[in-house]
Amino acid sequence: MKNWNKEEALNSLNLAIEEIGNLKVLKSNSAEHIRWLSNTLRLLKEVFGQNSTYYQTLQHLSWRETGRMLIQDWDVEGAIERRHHSAYLSQLETAKGLILASKDHLEASEISEVYNGDNTAEEASDLIQIINLGEKKLRKLIRETPTKEKQVQDKYEDLLIANDINYAREFPHIEYSSKQYVPDFSIEKLDLAIEIKLCKKDEKLLIAQINDDILAYKTKFRNLIFLIYDIGQIRDVDKFKDSIELHEDVIVQIIKE
């Protein structure tokens, strides 16, 4: 799951609205329509939550005429197709109004206040606090280039302590596929495991390790954060993160040296 901030979310909502104009000249369920719909549903789910009105309403649009059709036309198939396309255009307008409303909601709120998913509002706020610790404060505590992951872990633990966050370190032990996996930190209240990585040379090996960890940790935790302290080996941050964050409720944070 992508770690959104307010500005990024608003920009993505604007893009989703702009793309609707191009969809109107296409047919329902075209490749472009399905791509837009999938991307927009993911955006609404990650920013507003799967229980939000925006996500639920868009998810249940049929993109075709669903009522009874009385056809008085010699070209019956053509008439039916026109009815379906008319319904498709109408529902694109519904989708546009829905996304505009979600944008209004976000503009008037903090991003932590708009989420309505499996987590409660308090839990969502706590999760954002954890995310911000890594992004905004960890780098400031590390004054010399670390050579071992434990050095980064210790600094991260200092942040958890300073912010009165209840956590467990190197717990629990998870048995998976004849191996034992132990997250660096876990926060029971948030159903969250946090794994700290130090990227010193081989980013491909690191990706393999993370994918392996996901399979094991997902048997125990809903939410996962992989915090990677990079000393200059990750060339394309977005490319590195994107495929990993396709996993539901998985966040990758890359802290540059």
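One can find the structure itself at the top, above this paragraph.
Caption draft 1: Structural context of the side chain of Lys-103. In this structure, Lys-103 sits in helix H4 (residues 76–107). The exposure class of Lys-103 is buried, given its relative accessible area of 18%. The residues contacting Lys-103, other than those within four sequence positions of it, are Leu-10, Leu-13, Asn-14 and Ile-17.

Caption draft 2: Layout of unusual backbone geometry. Note the cis peptide between Phe-171 and Pro-172, where omega equals 0 degrees. Along the chain, Pro-172 turns up in the loop between strand E1 (168–169) and strand E2 (174–176). You will see that Asp-164, though not glycine, has its phi angle at about 55 degrees, which is positive. The class for Asp-164 is exposed, based on a relative accessible area of 69%. Backbone geometry at Asp-249 places phi at a positive 60 degrees, although glycine is not the residue there.

Caption draft 3: How the structure looks around helix H6 (residues 149–162). Over its 14 residues, H6 runs 20 Å from end to end, which matches the ideal 20 Å to within 8%, given 1.5 Å per residue. Asp-164 lies just past H6 and shows a positive phi near 55 degrees.

Caption draft 4: The arrangement of the layout of surface pockets in detail. Space inside the largest pocket adds up to approximately 1000 Å³. In this structure, the largest pocket is lined by 34 residues; those nearest its centre are Lys-2, Asn-3, Trp-4, Glu-8 and Glu-46. Secondary-structure elements contributing two or more residues to the lining of the largest pocket are helix H1 (6–23), helix H2 (31–48), helix H5 (121–141) and helix H8 (237–244). Looking at the lining of the largest pocket, its residues break down into 15 nonpolar, 7 polar and 12 charged.

Caption draft 5: Up close: the pairing of strand E6 (residues 223–230). Buried residues dominate E6, accounting for 8 of its 8 residues. Covered by surrounding structure in E6 are Asn-223, Ile-225, Leu-227 and Tyr-229 together with Leu-224, Phe-226, Ile-228 and Asp-230, the residues of both alternating faces. Of the strand pairs in this sheet, strand E5 (residues 192–199) and E6 are connected by 8 bridges, and their pairing is parallel. Counterpart to Leu-198 in the pairing with E6 is Tyr-229. Direction of pairing for E6 relative to strand E7 (residues 250–256): parallel, over a ladder of 7 bridges.

Caption draft 6: Looking closely at the packing of H1 against H2. At a minimum axis distance of 11 Å, the contact between H1 and H2 shows a crossing angle of 155 degrees. The pairing of H1 with H2 is recorded here as roughly antiparallel in orientation. Crossing hand, H1 versus H2: left-handed. Between H1 and H2, the contacting residues are Ala-9, Ser-12, Leu-13, Ala-16, Glu-19, Ile-20 and Leu-23 on the first element and Glu-32, His-33, Trp-36, Thr-40, Leu-43, Leu-44, Val-47 and Phe-48 on the second.

Reading the values: rules and limits
Position labels on residues start from 1 in each chain and follow its written sequence. The model is predicted, so local features are restricted to residues of pLDDT at least 70 and side-chain atom pairs to those at 80 or more, both for listing and for counting; the totals for chains, interfaces and linings are taken over all residues. As a rule here, side-chain values come from all non-hydrogen atoms in the structure, and water together with hydrogens is ignored. Counting from the N terminus, the helices are the DSSP runs of H or I reaching at least four residues and the strands are the DSSP runs of E reaching at least two. Relative accessibility decides the category of a residue: with a 1.4 Å probe and only protein chains considered, values under 20% of the type maximum give buried, values over 50% give exposed, and everything between is partly exposed. In this analysis, two residues are considered to be in contact whenever any of their non-hydrogen atoms come within 4.5 Å of each other. Every helix has an expected span of 1.5 Å times one less than the residues it contains. Each cavity reported here is a set of points on a 1 Å grid over the protein atoms alone in which a 1.4 Å probe fits but cannot get out, each pocket an open set with protein on both sides within 12 Å along at least five of seven lines, and each lining residue one with an atom within 4 Å of a point. Grid points are joined across faces, edges and corners, and a volume is the space filled by probe spheres set on the points. Just so you know the grouping, Ala, Val, Leu, Ile, Met, Phe, Trp, Tyr, Cys and Pro go in nonpolar, Asp, Glu, Lys and Arg go in charged, and all remaining residues, Gly too, go in polar. A strand pair is defined by DSSP finding two or more bridges across the two strands. Only the contacting stretch of a helix is used when fitting its axis, a line to C-alpha atoms as for every element, and angles between N-to-C directions run 0 to 180 degrees. Put simply, angles under 35 degrees are roughly parallel, angles over 145 are roughly antiparallel, angles from 65 to 115 are roughly perpendicular, and the rest are oblique. Crossings are sorted by hand: turned counterclockwise from the far helix by less than a right angle, the near helix makes the crossing left-handed, and turned clockwise it makes it right-handed.

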